Amino acid sequence: MPVPGRFTIHARDGKARRATLHTAHGEIQTPVFMPVGTQGSVKAVGPDDLLQAGSQIILGNTYHLYLRPGDELVARRGGLHRFMSWDKPILTDSGGFQVFSLSTIRKISEKGVEFRSYLDGSKHFFSPEKAISIQQNLGSDIMMVLDECVGYGADREYTARSLERTTRWARRCREVHTPGADGQLMFGIIQGGFHEDLREESLGQLLEIPFEGYAIGGLSVGESTEDMYRILNHIGPRMPEEKPRYLMGVGTPMDILEGIESGVDMFDCVLPTRNARNGTLFTSQGKVNIKRAEFREDDGPLDPNCQCYTCRNFSRAYLRHLYTAREILSYRLNSLHNIAFFLELARQAREAIEGGRFAELKAHYQGIYGTDGR
Ligand SMILES: NCc1cc(CSc2ccccc2)c2nc(N)[nH]c(=O)c2c1
Ligand SMILES: [Zn+2]
């Protein structure tokens, strides 16, 4: 009987790891890419599509689901897995990041964060305890602690004080959920901005609290690729060797490969689905902007090396037409392909680590996407 939280490393290639994370809803083979389903759906695609594309785990969001339809409604409907007909693992964010990125009025204090709903302006309050209670109602397999993601350019003094509070919040989250209760796991989140010593301070404090995994927060907040990679390369290898490492909200294909090389196991990003909706498609030969006139009569598949439903059944000419005509099918086919591309990238990484060929894989994609893929 698999024990939720068990993390077994099968192979290493430099700092990169090939592992299995056990959860109450099944195993996750890492490195893994996790499609984002913020409001209980991965935009424009269904659970069947996600399974077909090889998705092992998806993400949900405390902030959005609390505001609509309500975490207690979801609990009454049997939890998020049953509500959205997804019976594999789900990871949920704690909502703090969305409060800061989506809510206009908000006030942060030791108690937690007060904010107004982006839907109707009503006032709400998230304490660390509330953030965990919502995720328990949702029934997610991996819960994230409530943290403060300081913006790019925050001064050192504020960043230092903020990480101390994030640690106190993390402790309060842990105190209201017994490790492993109901098969749910809890990950701590490292903050500390772009200061190596503050990042180590945040990690050191979190290591005193028993978490089943650790995440790197506060990256991809407007910094340069150089600053992101500097922090990633510094803190990734310093995270606990025997526990899963999750880089939140990152990134381009090259960011993901950089993260894997730094020892990170789990990734999520809205890029595949968000870019799909504006016609930017990721392929084995680089980015394709499907709205370009050059594709008007192009009868070939979007990506000849891709096995997804979109590439097996439709031409670039048709995909361009759907996009130009703003057909809803355009969002579905483009999203399906981009998700399949990111899932395939993670699968190739798992295979490369097993074969000791990760450096070659990274160099291959660097030749196509450049050093950071932007
Ligand atoms: N800009 C990157 C980023 C993204 C997310 C969101 S990741 C996500 C999004 C939707 C659903 C699940 C996870 C973050 N979440 C938290 N809690 N803290 C961060 O520092 C942070 C940084
Ligand atoms: Zn495809």
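Residue indices follow the written sequence of each chain, beginning from 1 at its first position. The lettering of chains begins at A and the numbering of ligands begins at 1, in the order of writing. Reporting of local features is limited, given that this is a predicted model, to residues whose pLDDT is at least 70; pairs of side-chain atoms are given and counted only at 80 or more, and all residues count toward the totals for whole chains, interfaces and linings. Hydrogens and waters are ignored; side-chain quantities use all the structure's heavy atoms.

## Details of the overall build of the protein chain
A tally of regular secondary structure across the protein chain gives 15 helices and 16 strands. The quantity called the radius of gyration is restricted to C-alpha atoms. Its globule counterpart is 2.2 Å times the number of residues to the power 0.38. Against the globule reference of 21 Å for 374 residues, the protein chain gives a C-alpha radius of gyration of 20 Å, in line with a compact fold. Counting only C-alpha atoms and orienting by the principal axes, one finds that the protein chain spans roughly 60 × 50 × 45 Å. Type-normalised accessible area, obtained with a 1.4 Å probe on protein chains alone, sets the label of each residue: buried when under 20%, exposed when over 50%, and partly exposed for intermediate values. Each of the 374 residues in the protein chain was classed as buried or not, and the buried ones make up 57%. Element-wise, carbon and sulfur atoms account for 49% of the exposed surface of the protein chain, whose accessible area totals about 15,100 Å². Positive charge is attributed to Lys and Arg, negative charge to Asp and Glu, and no charge count is given to His or to the chain ends. Think of each charge as sitting on NZ of Lys, CZ of Arg, CG of Asp or CD of Glu. Separation between the mean location of the 45 positive side-chain charges and that of the 47 negative ones in the protein chain comes to 4 Å. Secondary structure elements follow DSSP: runs of H or I of four or more residues count as helices, runs of E of two or more count as strands, with numbering from the N terminus. Working definition of accessibility: Shrake-Rupley area with a 1.4 Å probe, residue cover restricted to the visible protein chains.

## Let's talk about the coordination of the zinc ion (ligand 2)
The rule for donors is simple: N, O or S, within 2.8 Å of the metal, or within 3.2 Å if the metal is Na, K or Ca. Water isn't counted, so a site may look like it is missing partners. For the zinc ion (ligand 2), every protein donor is listed as Cys 306 (SG), Cys 308 (SG), Cys 311 (SG) and His 337 (ND1), and the spread of their distances is 2.1 to 2.3 Å. Tetrahedral means four donors with every angle between 85 and 135 degrees, whereas square planar (four donors) and octahedral (six donors) require angles over 155 degrees between opposite donors and between 65 and 115 for all others; sites fitting neither are termed irregular. Considering all 4 donor atoms around the zinc ion (ligand 2), the spread of angles at the metal, 100 to 116 degrees, places the coordination shape in the tetrahedral class. Mapped onto the polypeptide sequence, the residues donating to the zinc ion (ligand 2) form the spacing pattern C-x1-C-x2-C-x25-H. Each member of the pair, Cys 306 as well as Cys 308, carries the same accessibility label: buried.

## Section: the packing of helix 10 (residues 253-261) against helix 14 (residues 328-354)
The relative placement of two packed helices is expressed as an angle between their axes plus a distance between the axes. Their axes nearest at 11 Å, the elements helix 10 and helix 14 cross at an angle of 30 degrees. By the angle between their directions, the pair helix 10 and helix 14 is classed as roughly parallel. Crossing hand, helix 10 versus helix 14: right-handed. Contacts between helix 10 and helix 14 involve Pro 253, Ile 256, Leu 257 and Ile 260 from the former and Phe 341, Phe 342, Leu 345, Ala 349 and Ile 353 from the latter. The class makeup of the residues in the contact of helix 10 with helix 14 is 9 nonpolar, no polar and no charged. Axes here mean lines fitted to C-alpha atoms, for a helix over just the part in contact, with angles spanning 0 to 180 degrees between N-to-C directions. Roughly parallel means an angle under 35 degrees; roughly antiparallel means over 145; roughly perpendicular covers 65 to 115; every other angle is labelled oblique. We call a crossing left-handed when the near helix sits turned anticlockwise from the far one by less than a right angle, and right-handed when that turn is clockwise. Contacts are assigned to residue pairs with any non-hydrogen atoms lying within 4.5 Å of each other. Note on residue classes: Ala, Val, Leu, Ile, Met, Phe, Trp, Tyr, Cys and Pro are nonpolar, Asp, Glu, Lys and Arg are charged, and everything else, Gly too, is polar.

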